[in-house]
Amino acid sequence: MIRHICMFKLQEENKAANLAKAQELADELLKPIPQIKRYEVVVNSEKAPDSNYELSLIFDYDSMEALKEYSVHPNHIKFGDFIKSVRESRACIDYEF
């Protein structure tokens, strides 16, 4: 199994609205992608430091090939286009477990 964790730090402008939109789009566009075996979208706690990333996607796949298929899926591309327009930075890790 492959776990894919991707975190986003959002730009300050319209941060709350963009965070809500990202969560909505993730549920709409990413959750139905068949390669994803486990789906979780989490938001940083309001009590956590402001320096933390605000949004994280945590997905499991059967294989690295399945992750690669996900990465070119049209829904993933559409989500990516949105998040690129509102993010300040991104961090990602993929590991076997």
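Quick summary incoming for the structure in this document. All figures in this text were calculated on a predicted structure; none of them were measured in a lab.

**Some words on the pattern of salt bridges**
Stage number 1. Within the structure shown, the criterion is met by seven salt bridges.
Stage number 2. Residues R3 and D60 are paired through a salt bridge, measuring 2.7 Å at the closest nitrogen-oxygen approach. Here R3, found in strand 1 (residues 2-10), pairs with D60, found in strand 3 (residues 55-61); they are 57 residues apart in sequence, far enough to count as distant.
Stage number 3. Classification of R3 as buried rests on a relative accessible area of 18%.

**Focus on the environment of D50**
Stage number 1. With respect to the helices, strands and loops of the structure, D50 is situated in the loop between strand 2 (38-43) and strand 3.
Stage number 2. By relative accessible area, D50 is classed as exposed at 70%.
Stage number 3. On a C-alpha basis, the gap between D50 and I33 in space is 31 Å, while along the polypeptide they are 17 residues apart.

Parameters at a glance
- Residues numbered from 1 in each chain as written.
- Predicted model: local features only at pLDDT ≥ 70, side-chain atom pairs only at ≥ 80, totals over all residues.
- Heavy atoms only, no water.
- Salt bridge = Lys/Arg side-chain N within 4 Å of Asp/Glu carboxyl O.
- Helix = DSSP H or I, 4+ residues; strand = E, 2+ residues; numbered from the N terminus.
- Buried < 20%, exposed > 50% of the residue type's maximum accessible area, 1.4 Å probe, protein only.

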